[in-house]
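These are the residues of each chain, in order.
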Amino acid sequence: MSEFAFNRVAFIGIGHIGSSLAHVMRRGKLAGSIIACARRQETRDAALRIGIADEVTADPAEAVKNADLVVIATPLSAYLETGKAIAGSLKPGAIVTDVGSVKALVAKELLPLLPKDVHVVPGHPIAGTENSGPESGFAEVFRNRWCILTPLPDGDATALDRVTKLWESAGMNVVTMDAEHHDMVLAITSHLPHLIAYTIVGTATDLEDTLKSEVIKFSASGFRDFTRIAASDPVMWRDIFLNNRDAVLEMLQRFTEDLTALQRAIRHGEGDKLQDLFTRTRAIRRSIVEAKQA
Ligand code: NAP
(Lines give C-alpha, C1' and ligand atoms only; values in the text may rest on other atoms or scores of the structure.)
Protein backbone atom coordinates (compact mmCIF):
# COMPACT_ATOMS: atom_id res chain seq x y z
CA MET A 1 0.00 0.00 0.00
CA SER A 2 1.15 3.57 -0.73
CA GLU A 3 1.89 6.16 1.91
CA PHE A 4 -1.73 7.20 1.36
CA ALA A 5 -4.65 4.97 2.30
CA PHE A 6 -5.82 5.29 -1.33
CA ASN A 7 -3.80 6.45 -4.32
CA ARG A 8 -6.73 7.82 -6.24
CA VAL A 9 -10.23 8.53 -4.95
CA ALA A 10 -13.28 9.37 -7.08
CA PHE A 11 -16.34 11.06 -5.62
CA ILE A 12 -19.52 10.71 -7.62
CA GLY A 13 -21.47 13.56 -6.06
CA ILE A 14 -19.61 16.08 -3.93
CA GLY A 15 -22.33 17.72 -1.83
CA HIS A 16 -22.71 17.92 1.94
CA ILE A 17 -21.55 14.39 2.77
CA GLY A 18 -19.15 13.86 -0.14
CA SER A 19 -17.33 17.14 0.53
CA SER A 20 -17.19 16.43 4.28
CA LEU A 21 -15.48 13.10 3.61
CA ALA A 22 -13.14 14.76 1.12
CA HIS A 23 -12.16 17.24 3.86
CA VAL A 24 -11.38 14.27 6.13
CA MET A 25 -9.18 12.76 3.40
CA ARG A 26 -7.33 16.03 2.89
CA ARG A 27 -6.81 16.51 6.62
CA GLY A 28 -5.49 12.96 7.12
CA LYS A 29 -3.64 12.81 3.79
CA LEU A 30 -5.65 9.70 3.01
CA ALA A 31 -5.83 10.18 -0.76
CA GLY A 32 -3.03 10.68 -3.28
CA SER A 33 -5.45 12.52 -5.55
CA ILE A 34 -9.17 13.23 -5.52
CA ILE A 35 -11.41 13.60 -8.55
CA ALA A 36 -14.98 14.82 -8.07
CA CYS A 37 -17.90 14.31 -10.42
CA ALA A 38 -21.03 16.48 -10.42
CA ARG A 39 -23.49 17.52 -13.10
CA ARG A 40 -23.40 21.26 -12.54
CA GLN A 41 -20.47 23.53 -13.32
CA GLU A 42 -21.05 25.53 -10.12
CA THR A 43 -20.68 22.36 -8.01
CA ARG A 44 -17.46 21.42 -9.80
CA ASP A 45 -16.08 24.97 -9.51
CA ALA A 46 -16.86 24.99 -5.78
CA ALA A 47 -15.06 21.67 -5.23
CA LEU A 48 -11.92 23.07 -6.87
CA ARG A 49 -12.17 26.42 -5.12
CA ILE A 50 -12.50 24.84 -1.67
CA GLY A 51 -9.58 22.58 -2.48
CA ILE A 52 -11.29 19.25 -1.80
CA ALA A 53 -10.66 17.95 -5.34
CA ASP A 54 -7.61 18.02 -7.59
CA GLU A 55 -9.70 17.42 -10.70
CA VAL A 56 -13.37 17.62 -11.59
CA THR A 57 -15.53 16.16 -14.32
CA ALA A 58 -19.18 15.84 -15.32
CA ASP A 59 -18.58 12.30 -16.58
CA PRO A 60 -18.84 9.53 -13.96
CA ALA A 61 -17.02 7.05 -16.24
CA GLU A 62 -14.10 9.45 -16.57
CA ALA A 63 -14.04 10.00 -12.78
CA VAL A 64 -13.70 6.33 -11.81
CA LYS A 65 -10.92 5.45 -14.28
CA ASN A 66 -7.89 4.28 -12.26
CA ALA A 67 -9.59 5.08 -8.95
CA ASP A 68 -8.81 2.71 -6.06
CA LEU A 69 -11.78 4.01 -4.12
CA VAL A 70 -15.07 5.23 -5.57
CA VAL A 71 -17.43 7.02 -3.17
CA ILE A 72 -20.99 7.39 -4.42
CA ALA A 73 -22.41 10.43 -2.63
CA THR A 74 -25.31 11.40 -4.89
CA PRO A 75 -29.01 11.33 -4.03
CA LEU A 76 -30.35 7.75 -4.06
CA SER A 77 -32.32 8.38 -7.25
CA ALA A 78 -29.03 8.74 -9.16
CA TYR A 79 -27.73 5.26 -8.22
CA LEU A 80 -29.11 3.47 -11.25
CA GLU A 81 -27.69 5.91 -13.80
CA THR A 82 -24.42 6.12 -11.85
CA GLY A 83 -24.05 2.32 -11.82
CA LYS A 84 -24.68 2.13 -15.56
CA ALA A 85 -22.26 4.98 -16.26
CA ILE A 86 -19.32 3.68 -14.21
CA ALA A 87 -19.62 -0.10 -14.74
CA GLY A 88 -17.39 -0.26 -17.83
CA SER A 89 -14.64 1.99 -16.44
CA LEU A 90 -13.98 0.68 -12.94
CA LYS A 91 -10.49 -0.59 -12.23
CA PRO A 92 -10.34 -4.32 -11.30
CA GLY A 93 -9.97 -4.57 -7.51
CA ALA A 94 -11.38 -1.08 -6.89
CA ILE A 95 -13.49 -0.50 -3.80
CA VAL A 96 -16.91 1.02 -4.44
CA THR A 97 -18.63 2.46 -1.39
CA ASP A 98 -21.54 4.84 -0.85
CA VAL A 99 -23.00 7.08 1.85
CA GLY A 100 -26.71 6.68 1.07
CA SER A 101 -29.33 6.77 3.82
CA VAL A 102 -31.09 3.59 2.62
CA LYS A 103 -29.02 0.45 2.23
CA ALA A 104 -31.02 -2.45 0.75
CA LEU A 105 -31.10 -0.71 -2.62
CA VAL A 106 -27.32 -1.01 -3.05
CA ALA A 107 -27.53 -4.78 -3.44
CA LYS A 108 -30.78 -4.48 -5.36
CA GLU A 109 -29.96 -1.67 -7.81
CA LEU A 110 -26.25 -1.02 -7.92
CA LEU A 111 -24.60 -4.40 -7.45
CA PRO A 112 -26.14 -6.16 -10.48
CA LEU A 113 -24.75 -3.43 -12.74
CA LEU A 114 -21.15 -3.58 -11.51
CA PRO A 115 -18.38 -5.94 -12.66
CA LYS A 116 -17.59 -8.90 -10.39
CA ASP A 117 -13.97 -7.87 -9.87
CA VAL A 118 -14.73 -4.75 -7.77
CA HIS A 119 -15.41 -4.77 -4.03
CA VAL A 120 -18.68 -3.18 -2.96
CA VAL A 121 -18.93 -1.93 0.64
CA PRO A 122 -22.24 -0.12 1.30
CA GLY A 123 -22.07 2.51 4.05
CA HIS A 124 -24.08 5.16 5.85
CA PRO A 125 -22.50 7.79 8.08
CA ILE A 126 -25.23 8.83 10.53
CA ALA A 127 -24.18 12.46 10.52
CA GLY A 128 -24.93 15.64 8.65
CA THR A 129 -26.80 18.90 8.89
CA GLU A 130 -29.86 20.17 7.01
CA ASN A 131 -27.55 21.95 4.53
CA SER A 132 -26.61 20.79 1.03
CA GLY A 133 -23.84 21.29 -1.49
CA PRO A 134 -20.02 21.21 -1.39
CA GLU A 135 -19.69 24.44 0.59
CA SER A 136 -21.71 23.06 3.49
CA GLY A 137 -19.29 20.19 4.20
CA PHE A 138 -16.79 20.06 7.06
CA ALA A 139 -14.62 17.24 8.41
CA GLU A 140 -15.84 17.51 12.01
CA VAL A 141 -19.43 16.68 11.07
CA PHE A 142 -18.65 12.99 11.54
CA ARG A 143 -16.90 13.13 14.91
CA ASN A 144 -18.31 10.81 17.59
CA ARG A 145 -21.22 9.76 15.38
CA TRP A 146 -22.03 6.24 14.21
CA CYS A 147 -21.29 4.91 10.77
CA ILE A 148 -23.16 1.80 9.69
CA LEU A 149 -21.59 -0.45 7.06
CA THR A 150 -23.77 -3.16 5.52
CA PRO A 151 -21.24 -5.56 3.97
CA LEU A 152 -22.48 -8.03 1.40
CA PRO A 153 -22.54 -11.66 2.58
CA ASP A 154 -19.65 -12.66 0.31
CA GLY A 155 -17.89 -9.27 0.48
CA ASP A 156 -14.12 -8.84 0.62
CA ALA A 157 -12.77 -8.56 4.20
CA THR A 158 -9.81 -6.32 3.27
CA ALA A 159 -12.08 -3.87 1.47
CA LEU A 160 -14.38 -3.76 4.50
CA ASP A 161 -11.39 -3.15 6.75
CA ARG A 162 -10.14 -0.26 4.62
CA VAL A 163 -13.55 1.43 4.50
CA THR A 164 -13.90 0.91 8.26
CA LYS A 165 -10.52 2.61 8.85
CA LEU A 166 -11.52 5.49 6.59
CA TRP A 167 -14.62 6.28 8.68
CA GLU A 168 -12.71 5.74 11.90
CA SER A 169 -10.23 8.36 10.76
CA ALA A 170 -13.22 10.70 10.41
CA GLY A 171 -13.82 10.14 14.14
CA MET A 172 -16.76 7.80 13.63
CA ASN A 173 -17.71 4.66 15.54
CA VAL A 174 -18.21 1.99 12.91
CA VAL A 175 -20.65 -0.93 13.18
CA THR A 176 -21.81 -3.48 10.65
CA MET A 177 -25.29 -4.94 10.18
CA ASP A 178 -27.33 -6.32 7.35
CA ALA A 179 -28.95 -3.84 5.01
CA GLU A 180 -32.58 -4.72 5.78
CA HIS A 181 -31.96 -4.32 9.50
CA HIS A 182 -30.32 -0.94 8.88
CA ASP A 183 -33.34 0.22 6.89
CA MET A 184 -35.75 -0.82 9.65
CA VAL A 185 -33.71 0.89 12.40
CA LEU A 186 -33.34 4.10 10.39
CA ALA A 187 -37.04 4.10 9.52
CA ILE A 188 -37.89 4.72 13.18
CA THR A 189 -34.85 6.75 14.27
CA SER A 190 -34.61 9.06 11.28
CA HIS A 191 -37.17 8.60 8.53
CA LEU A 192 -40.35 8.70 10.62
CA PRO A 193 -39.22 11.74 12.67
CA HIS A 194 -38.58 13.59 9.41
CA LEU A 195 -42.01 12.59 8.09
CA ILE A 196 -43.63 13.90 11.27
CA ALA A 197 -41.68 17.17 11.06
CA TYR A 198 -42.63 17.64 7.41
CA THR A 199 -46.27 17.01 8.33
CA ILE A 200 -46.38 19.43 11.27
CA VAL A 201 -44.66 22.21 9.38
CA GLY A 202 -46.90 21.49 6.38
CA THR A 203 -50.02 21.73 8.56
CA ALA A 204 -48.81 25.07 9.99
CA THR A 205 -48.09 26.33 6.48
CA ASP A 206 -51.68 25.67 5.49
CA LEU A 207 -53.17 27.56 8.45
CA GLU A 208 -54.99 30.82 7.81
CA ASP A 209 -52.69 33.87 7.76
CA THR A 210 -53.30 35.27 11.27
CA LEU A 211 -52.66 31.92 12.93
CA LYS A 212 -49.61 31.28 10.75
CA SER A 213 -47.90 34.51 11.85
CA GLU A 214 -48.52 33.59 15.49
CA VAL A 215 -46.94 30.16 14.88
CA ILE A 216 -43.76 31.83 13.64
CA LYS A 217 -43.75 34.37 16.48
CA PHE A 218 -44.11 31.74 19.21
CA SER A 219 -42.12 29.00 17.46
CA ALA A 220 -39.64 28.65 20.34
CA SER A 221 -42.28 26.67 22.21
CA GLY A 222 -41.54 23.52 20.19
CA PHE A 223 -42.39 24.19 16.57
CA ARG A 224 -38.94 25.63 15.85
CA ASP A 225 -37.22 22.26 16.39
CA PHE A 226 -39.49 20.68 13.79
CA THR A 227 -38.75 23.44 11.28
CA ARG A 228 -35.04 22.65 11.44
CA ILE A 229 -35.70 19.02 10.54
CA ALA A 230 -38.27 20.01 7.91
CA ALA A 231 -35.66 22.24 6.25
CA SER A 232 -33.72 19.13 5.15
CA ASP A 233 -33.01 18.58 1.48
CA PRO A 234 -36.27 17.84 -0.42
CA VAL A 235 -34.67 15.60 -3.06
CA MET A 236 -32.76 13.53 -0.52
CA TRP A 237 -35.87 12.97 1.58
CA ARG A 238 -38.13 12.23 -1.37
CA ASP A 239 -35.63 9.52 -2.34
CA ILE A 240 -35.45 8.09 1.19
CA PHE A 241 -39.22 7.60 1.42
CA LEU A 242 -39.43 6.11 -2.07
CA ASN A 243 -36.54 3.70 -1.42
CA ASN A 244 -37.38 2.63 2.14
CA ARG A 245 -41.10 2.34 1.54
CA ASP A 246 -41.87 -0.93 3.33
CA ALA A 247 -39.95 -0.17 6.53
CA VAL A 248 -41.33 3.38 6.74
CA LEU A 249 -44.91 2.18 6.18
CA GLU A 250 -44.46 -0.48 8.88
CA MET A 251 -43.19 2.09 11.42
CA LEU A 252 -45.85 4.59 10.37
CA GLN A 253 -48.52 1.97 11.03
CA ARG A 254 -47.23 1.39 14.56
CA PHE A 255 -46.93 5.13 15.15
CA THR A 256 -50.49 5.73 13.97
CA GLU A 257 -51.81 3.11 16.39
CA ASP A 258 -49.91 4.69 19.28
CA LEU A 259 -51.10 8.15 18.28
CA THR A 260 -54.69 6.94 18.27
CA ALA A 261 -54.18 5.51 21.78
CA LEU A 262 -52.86 8.88 22.96
CA GLN A 263 -55.76 10.67 21.32
CA ARG A 264 -58.12 8.38 23.23
CA ALA A 265 -56.28 9.00 26.53
CA ILE A 266 -56.62 12.77 26.06
CA ARG A 267 -60.29 12.48 25.12
CA HIS A 268 -61.08 10.36 28.19
CA GLY A 269 -58.93 12.38 30.59
CA GLU A 270 -56.60 9.44 31.32
CA GLY A 271 -53.81 11.49 32.90
CA ASP A 272 -51.98 8.44 34.26
CA LYS A 273 -51.49 7.03 30.77
CA LEU A 274 -50.12 10.32 29.48
CA GLN A 275 -47.81 10.81 32.45
CA ASP A 276 -46.56 7.23 32.23
CA LEU A 277 -45.62 7.61 28.57
CA PHE A 278 -43.98 11.02 29.07
CA THR A 279 -41.94 9.62 31.97
CA ARG A 280 -40.67 6.76 29.82
CA THR A 281 -39.80 9.06 26.93
CA ARG A 282 -37.90 11.38 29.26
CA ALA A 283 -35.72 8.42 30.24
CA ILE A 284 -34.95 7.78 26.56
CA ARG A 285 -33.73 11.35 26.20
CA ARG A 286 -31.47 10.92 29.24
CA SER A 287 -29.93 7.77 27.78
CA ILE A 288 -29.24 9.57 24.48
CA VAL A 289 -27.51 12.39 26.38
CA GLU A 290 -25.49 9.84 28.38
CA ALA A 291 -24.48 8.11 25.11
CA LYS A 292 -23.21 11.55 23.93
CA GLN A 293 -25.53 11.51 20.90
CA ALA A 294 -27.59 14.54 21.95
P1 NAP B 1 -26.13 17.10 -1.57
O2 NAP B 1 -25.44 18.03 -0.66
O3 NAP B 1 -27.35 17.57 -2.28
O4 NAP B 1 -25.09 16.55 -2.63
C5 NAP B 1 -25.43 15.73 -3.70
C6 NAP B 1 -24.30 15.75 -4.69
O7 NAP B 1 -24.59 14.86 -5.77
C8 NAP B 1 -24.04 17.12 -5.34
O9 NAP B 1 -22.67 17.28 -5.53
C10 NAP B 1 -24.74 17.02 -6.68
O11 NAP B 1 -24.13 17.92 -7.58
C12 NAP B 1 -24.48 15.57 -7.01
N13 NAP B 1 -25.48 14.92 -7.89
C14 NAP B 1 -26.81 15.00 -7.82
N15 NAP B 1 -27.37 14.23 -8.76
C16 NAP B 1 -26.34 13.67 -9.43
C17 NAP B 1 -26.26 12.80 -10.54
N18 NAP B 1 -27.38 12.36 -11.14
N19 NAP B 1 -25.04 12.42 -10.97
C20 NAP B 1 -23.90 12.89 -10.37
N21 NAP B 1 -23.94 13.73 -9.33
C22 NAP B 1 -25.14 14.11 -8.87
O23 NAP B 1 -26.57 15.75 -0.80
P24 NAP B 1 -25.93 15.08 0.51
O25 NAP B 1 -26.62 15.62 1.70
O26 NAP B 1 -24.46 15.11 0.43
O27 NAP B 1 -26.48 13.59 0.31
C28 NAP B 1 -25.79 12.68 -0.53
C29 NAP B 1 -26.10 11.27 -0.05
O30 NAP B 1 -25.74 11.17 1.33
C31 NAP B 1 -27.58 10.90 -0.14
O32 NAP B 1 -27.69 9.60 -0.68
C33 NAP B 1 -28.06 10.92 1.29
O34 NAP B 1 -29.04 9.93 1.52
C35 NAP B 1 -26.78 10.59 2.06
N36 NAP B 1 -26.68 11.13 3.42
C37 NAP B 1 -27.00 12.43 3.68
C38 NAP B 1 -26.91 12.91 4.97
C39 NAP B 1 -27.24 14.36 5.31
O40 NAP B 1 -27.51 14.66 6.47
N41 NAP B 1 -27.24 15.25 4.36
C42 NAP B 1 -26.46 12.07 6.01
C43 NAP B 1 -26.10 10.77 5.71
C44 NAP B 1 -26.23 10.30 4.41
P45 NAP B 1 -24.87 18.39 -8.94
O46 NAP B 1 -26.24 18.82 -8.53
O47 NAP B 1 -24.01 19.47 -9.46
O48 NAP B 1 -24.87 17.18 -9.82
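Residues numbered from 1 in each chain as written. Predicted model: local features only at pLDDT ≥ 70, side-chain atom pairs only at ≥ 80, totals over all residues. Heavy atoms only, no water.

**Focus on the nonpolar core**
V9, F11, L21, M25, F142 and W167 are the most contacted members of the largest nonpolar core, which totals 34 residues. Of all the secondary structure elements, the ones that give two or more residues to this core are β1 (6-12), α1 (16-27), β2 (31-37), β4 (69-72), β8 (146-149) and α6 (157-169). Those residues in contact with M25, other than ones at most four positions away along the chain, are V9, F11, L30, A31, I34, L69 and L166. Ranked by size, the runner-up nonpolar core spans 31 residues in total, among them A10, L105, V106 and A187. (Core = buried A, V, L, I, M, F, W, Y, C linked by side-chain atoms within 4.5 Å. Buried < 20%, exposed > 50% of the residue type's maximum accessible area, 1.4 Å probe, protein only. Helix = DSSP H or I, 4+ residues; strand = E, 2+ residues; numbered from the N terminus. Contact = heavy atoms within 4.5 Å.)

**A look at helix α2 (residues 41-50)**
Helical geometry note: an α-helix holds 3.6 residues per turn, so side chains three or four residues apart project in the same direction. Turning to α2, its buried residues are T43, R44, A46 and A47. End-on view of α2: buried residues confined to an arc of 160°, all on one side of the axis. Every exposed residue of α2 that faces more than 90 degrees away from the buried side is listed here: E42 and R49. The inward-facing, buried residues of α2 contact β2 and β3 (55-57). (Arc of directions from axis to C-beta.)

**A look at the domain arrangement of the protein chain**
In many analyses, interface size is given as the accessible surface area lost on bringing the parts together. For the protein chain, the assigned domains are domain 1 (6-177) and domain 2 (181-290). Here the C-alpha centre of domain 2 lies 31 Å away from the C-alpha centre of domain 1. Counting from both sides, the interface comprises 16 residues of domain 1 and, opposite them, 16 residues of domain 2. Roughly 1200 Å² of surface becomes buried between domain 1 and domain 2 when both sides are summed, with 63% attributable to carbon and sulfur atoms. At the boundary of domain 1 with domain 2, the tally comes to zero salt bridges. (Domains from an automatic or database assignment. Buried area = accessible area lost by both parts, 1.4 Å probe. Salt bridge = Lys/Arg side-chain N within 4 Å of Asp/Glu carboxyl O.)

**Notes on the sheet that holds strand β7 (residues 123-125)**
Paired through backbone hydrogen bonds, the strands of a sheet run either parallel or antiparallel to each other. An order of β7-β8-β9 is seen for the three strands of this open sheet, with the pairing classed as mixed. A strand with exactly one partner marks an edge of an open sheet, and here the two such strands are β7 and β9 (173-176). When strand polarity is set aside, the average angle formed by the axes of neighbouring strands in this sheet is 20°. Sheet topology note: the β8/β9 ladder contains four bridges and is parallel. Counted as the bridge partner of I148 is V175 from β9. Those strands touched by α6 are β7, β8 and β9, and its axis lies near 165° from that of β8. (Pairing = 2+ DSSP bridges. Axes fitted to C-alpha atoms, helices over the stretch in contact; angles between N-to-C directions.)

**Quick word on the environment of E208**
Looking at the element boundaries, E208 is found in the loop between α7 (179-205) and α8 (209-217). E208 sits in the exposed class, given a relative accessible area of 51%. Residues E208 and E290, 82 residues apart in the sequence, show an inter-C-alpha distance of 42 Å.

**Description of the sheet that holds strand β5 (residues 95-98)**
As summarised here, the arrangement of the six strands in space is β3-β2-β1-β4-β5-β6, forming an open sheet in which the pairing is parallel. Among the strands making up the open sheet, the edge pair consists of β3 and β6 (119-121). Across the sheet, the mean angle from the axis of one strand to that of its neighbour is 20°, orientation sign disregarded. Where β4 and β5 come together, four bridges link them in parallel fashion. Residue L69 lies in a different strand from β5, and its bridge partner there is I95. Against the sheet, α1 touches β1, β2 and β4, its axis set at about 165° to β1.

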